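Here is what each chain is made of, one letter per residue.
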Amino acid sequence: MRVVTVRADVLWLGLAGALATAALLGAWIFELGLGYLPCKLCLWQRWPYYIGLPLALLGLFMAWSGADRRVVLVLGSLFALVMLAGAALGVYHAGAEWKFWPGPTDCGGRIGAMPGSVDDFRKSLTTARVVRCDEAALRVLGLSFPGWNVLVSVACVAATMLGLRRIP
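Note on numbering: residues in each chain are counted from 1, in written sequence order. Side-chain atom pairs in this predicted model are given and counted only at pLDDT of 80 or more, local residue features only at pLDDT of at least 70, and totals for whole chains, interfaces and linings cover all residues. Processing note: side-chain calculations cover all non-hydrogen atoms of the structure and skip hydrogens and water entirely.

(A) Region of interest: unusual backbone geometry. For lysine 99, which is not a glycine, the phi torsion comes out positive at approximately 65 degrees. The helix count covers DSSP runs of H or I at least four residues long, the strand count covers runs of E at least two residues long, and both are numbered beginning at the N terminus. Checked against the element boundaries, lysine 99 lands in the loop between α3 (69-97) and α4 (118-127).

(B) Layout of helix α2 (residues 40-65). One less than the number of residues in a helix, times 1.5 Å, gives the span that helix is expected to have. Between the first and last C-alpha of α2 there are 39 Å, a value that for 26 residues agrees with the 38 Å anticipated at 1.5 Å per step. Taking the largest bend as the criterion, α2 deviates by roughly 30 degrees, centred on glycine 52, and proline proline 54 comes between one and four positions later. Exposure categories follow from relative accessible area, calculated using a 1.4 Å probe and restricted to protein chains: below 20% of the type maximum is buried, above 50% is exposed, and the middle band is partly exposed. All of the buried residues along α2 are Leu41, Cys42, Gln45, Arg46, Pro48, Tyr49, Gly52, Leu53, Leu55, Ala56, Gly59 and Ala63. A positive phi of about 80 degrees marks glycine 66, the residue just after α2. Note that bend, as reported per residue, equals the angle between axes fitted to the 7 residues terminating at that residue and the 7 residues originating from it.

(C) Broad picture of the packing of aromatic side chains. Any pair of Phe, Tyr and Trp rings, taking the six-membered ring for Trp, is counted once the centres come within 6.5 Å. Such a pair is stacked with planes under 30 degrees apart, edge-to-face with planes over 60 apart, and tilted for the rest. The full count for this structure, using the stated rule, is four aromatic pairs. Pairing tryptophan 28 with tyrosine 50 gives two aromatic rings, centres 6.4 Å apart and planes at 25 degrees, and the pair type is stacked. With tryptophan 28 in helix α1 (residues 8-33) and tyrosine 50 in helix α2, this pair connects stretches of sequence that are 22 residues apart. Summarising the aromatic geometry, the rings of phenylalanine 61 and tryptophan 64 are spaced 6.2 Å apart at their centres and angled 40 degrees between planes, so their arrangement reads as tilted. With phenylalanine 61 and tryptophan 64 both in helix α2 and three residues apart, this pair spans about one turn of that helix. Each residue in the set Trp28, Trp47 and Tyr50 is aromatic and connected to the rest through ring pairs, giving one cluster.

(D) Fine view of the nonpolar core. With 15 residues, the main nonpolar core has Ala20, Tyr49, Leu55, Phe79, Met83 and Cys156 as its most contacted residues. Here this core gets five residues from one element, more than from any other, and that element is α3. When residues no more than four places from it in sequence are discounted, the contact partners of phenylalanine 79 are Ala16, Ala20, Gly52, Leu53, Leu55, Ala56, Cys156 and Thr160. Nonpolar core, defined: a set of buried Ala, Val, Leu, Ile, Met, Phe, Trp, Tyr and Cys residues in which side-chain atoms within 4.5 Å join the residues together. Contact between two residues is taken to exist if any of their heavy atoms lie within 4.5 Å; hydrogens are not considered.

(E) Representation of empty space enclosed by the protein within the structure. Method remark: on a 1 Å grid restricted to protein atoms, a set of points is classed as a cavity if a 1.4 Å probe fits but cannot get out and as a pocket if it is open with protein on both sides within 12 Å along at least five of seven lines; lining residues have an atom within 4 Å of a point. Grid points are joined across faces, edges and corners, and a volume is the space filled by probe spheres set on the points. Evaluation of the coordinates by the stated rule reveals one cavity of 30 Å³ or more. Approximately 50 Å³ is the volume attributed to the largest cavity. Among the secondary structure elements, those contributing two or more residues to the lining of the largest cavity are α1, α2 and α3. The element that contributes the greatest number of residues to the lining of the largest cavity is α2, accounting for four residues. When residue character is reported, Ala, Val, Leu, Ile, Met, Phe, Trp, Tyr, Cys and Pro are called nonpolar, Asp, Glu, Lys and Arg charged, and the others, Gly included, polar. Across the lining of the largest cavity, the residue classes break down as seven nonpolar, three polar and no charged.

(F) Spotlight on helix α5 (residues 145-165). The first and last C-alpha atoms of α5 sit 30 Å apart over 21 residues, in line with the 30 Å expected at 1.5 Å per residue. Listing the buried residues of α5 in full gives Pro146, Gly147, Asn149, Val150, Ser153, Cys156, Val157, Ala159, Thr160, Gly163 and Leu164.

(G) Here's a closer look at the side chain of arginine 46. With respect to the helices and strands, arginine 46 occurs in helix α2. For arginine 46, the residues in contact, after removing those within four places along its chain, are Leu24, Ala27, Trp28, Glu31 and Pro38.

(H) Focus on the packing of α3 against α5. In contact at an axis separation of 8 Å, α3 and α5 are set at 160 degrees when each is read in the N-to-C sense. Between α3 and α5, the angle is such that the two are roughly antiparallel. Seen from above, α3 lies across α5 with left-handed handedness. For the contact of α3 with α5, a count of residues per class yields 16 nonpolar, nine polar and one charged. Helix axes are fitted only over the stretch in contact, all axes being lines through C-alpha atoms; the angle between N-to-C directions runs from 0 to 180 degrees. Here roughly perpendicular refers to angles of 65 to 115 degrees, roughly parallel to angles under 35, roughly antiparallel to angles over 145, and oblique to all remaining angles. Crossing chirality is assigned from the near helix's rotation relative to the far helix, an anticlockwise turn below a right angle marking it left-handed and a clockwise turn marking it right-handed.

(I) Structural view of a nonpolar patch on the surface. On the surface, Leu25, Trp28, Ile29, Leu32, Leu34, Leu43, Trp44, Trp47, Tyr50 and Ile51 cluster together into a nonpolar patch covering about 1000 Å² of accessible area. Those elements that place two or more of their residues in the nonpolar patch are α1 and α2. Ranked by residue count, the leading element in the nonpolar patch is α2, at five residues. Among the structural elements, tryptophan 47 can be located in helix α2. Patch building starts from residues that exceed 30% relative accessible area and form no salt bridge, then joins like charges within 9 Å and nonpolar side chains (Val, Leu, Ile, Met, Phe, Trp, Tyr) within 5 Å. To be clear on the numbers: accessible area is Shrake-Rupley with a 1.4 Å probe, and residue cover counts the displayed protein chains and nothing else. Salt bridge, as applied in this entry: a Lys or Arg side-chain nitrogen positioned within 4 Å of an Asp or Glu carboxyl oxygen.

As structure tokens, then:
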């Protein structure tokens, strides 16, 4: 039996990428599968994942393939910075939900397809679901979606930093 060993840097960078992927997939499942509509700040908090995941995957590939350590350091550091910005967005959103500070004034509902007539528009106004940035849609173990985003983002940063410290 052949034993496969994985370098610690690749393992930690892979864990960071897997956490980020799981968080984004979870957001999509809650939205598309379970019907939790995201507010404006929720959508903003996805951007660090959209930007960071390609950086993480590229950095992971470079580490795995034995590329120059400086390339991996740059890619990993960029990923960590993007995820740190995501954590800051999550703190801002969670603080608005807990009424520590005001959230954006333009955070509200969204309209799907444009109504075909004035009557359809009136009906859509009565059935529109308003999604507010300053109210938690769901709390799990005391944390709302932005609170969990902060924890996942910080965990991604920590795993990335552990991986970068172990690059040969």
